Amino acid sequence: MHDTPRPHDLLWGMTPAQLPADAPDWARQVLAAGQPVVVRRAVVADEQIAVGLRGATREQRFAAWMRRESVVSRVGPEQLIARLPDSHLPALRALHRLHPLLDSLGLAWGVTGSVGYQLGSGIAVVSAESDLDLLLRTPTAFSRSEARELQQLLDRVPCRVDLQLETPSGAIALREWAGDSARVLLKCATGARLIEDPWDQAERAA
């Protein structure tokens, strides 16, 4: 597995003592219960990791920083697809259905969002209305025609699927890359910006 924590990785080991004084009570309870945090994109000091905490409701989200030395366990999105539970929930049914399709691409992929959190933590956070969030690691160019073909296949499953292409520059939404806009929104540690080609080294350096 990659040595450095990457966006969407689940981390265990953060304690309530690492939260700022103004952190909500639910966030302290989450860490006291030993629940994982999720790596997010941000510029931080070398000894820190930008993370997000999630509570029982959609509104309970909190951005924080975890000390790198505190990490005792880490699970990446790719590891969460090894054993999928049987479920009637649309998002998990969709994941079962898409598994062989995504494997056939020959690229590393994984599950994020609420489904990834539930698979990694064992905490039931997925509902009948939950979307399925996925990532596909694309170290080399993934053409717009490939994106359109993949998006059409994703749109055939029984829930909304949001897939991010993880490029050398950051993440872009497959749905945007499959569209007609000349530029797409790139999410990276320094924020978000519009870009024409996230695989173009010259544009990445601009």
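See the structure printed just above.
Let me sum up the structure you'll find in this document. Counting starts from 1 at the beginning of each chain's written sequence and moves along it residue by residue. Given that the model is predicted, a residue must reach a pLDDT of at least 70 before its local features are reported, and side-chain atom pairs must reach 80 or more before they are shown or counted; all residues, however, enter totals for whole chains, interfaces and linings. To get the side-chain values, all heavy atoms of the structure are used, and hydrogens and water are removed first.

1. What to know about the packing of helix α2 (residues 90-103) against helix α4 (residues 144-154)
The condition is simple: For every element, the axis is a line fit to its C-alpha atoms; helices are fit only across the contacting stretch, and the angle between N-to-C directions ranges from 0 to 180 degrees. Runs of E in the DSSP output that reach at least two residues are strands. Runs of H or I that reach at least four are helices, and both are numbered from the N terminus. Note on angle classes: values under 35 degrees are labelled roughly parallel, values over 145 roughly antiparallel, values of 65 to 115 roughly perpendicular, and the remainder oblique. Throughout, a crossing is termed right-handed when the near helix is turned clockwise from the far one, and left-handed when it is turned anticlockwise from it by less than a right angle. A contact between two residues is defined here by any heavy atoms of the two lying within 4.5 Å.
As a packed pair, α2 and α4 sit with axes 11 Å apart at the nearest point and diverge in direction by 160 degrees. With respect to their mutual orientation, α2 and α4 come out roughly antiparallel. Handedness of the crossing formed by α2 with α4: right-handed. Only Leu-150, Leu-153 and Leu-154 of α4 make contact with α2, whose side of the interface consists of Leu-98, Leu-101 and Leu-102.

2. A short note on the packing of aromatic side chains
Selection rule: Note on aromatic pairs: the rings of Phe, Tyr and Trp (six-membered ring only in Trp) are paired at centre separations within 6.5 Å, and the planes decide the class, stacked below 30 degrees, edge-to-face beyond 60, tilted for the rest. By definition, being over a ring means that NZ of Lys or CZ of Arg is both within 6 Å of the ring centre and within 35 degrees of the ring normal.
With the rule as written, the count across this model stands at one aromatic pair. Taking the ring centre of Trp-65 as reference, the NZ or CZ of Arg-40 above it sits at 4.8 Å. Sitting over the face of the ring of Tyr-117, Arg-54 holds its NZ or CZ atom 5.2 Å from the ring centroid.

3. Re the nonpolar core
Using the following cut-off: Nonpolar cores are built from buried Ala, Val, Leu, Ile, Met, Phe, Trp, Tyr and Cys residues. Side-chain atoms within 4.5 Å join them into one set. Categorising residues by exposure relies on relative accessible area from a 1.4 Å probe, with only protein chains included: less than 20% of the type maximum marks a residue as buried, more than 50% marks it as exposed, and the intermediate range marks it as partly exposed. Residue ranges for the domains originate in an automatic or database domain assignment.
One finds Leu-132, Leu-134, Leu-163 and Leu-165 to be the most contacted residues of the largest nonpolar core, which totals 38 residues. Sorting elements by how many residues they give to this core places α2 first, with six residues. For this core, the two domains that each supply at least three residues are domain 1 (9-75) and domain 2 (77-204). Each residue touching Leu-134, except ones within four places of it in the same chain, is listed here: Leu-95, Leu-98, Leu-102, Trp-109, Gly-110, Val-111, Thr-112, Val-161, Asp-162, Leu-163 and Gln-164. With 16 residues, the next largest nonpolar core counts Leu-11, Trp-26, Ala-27 and Val-30 among its residues.

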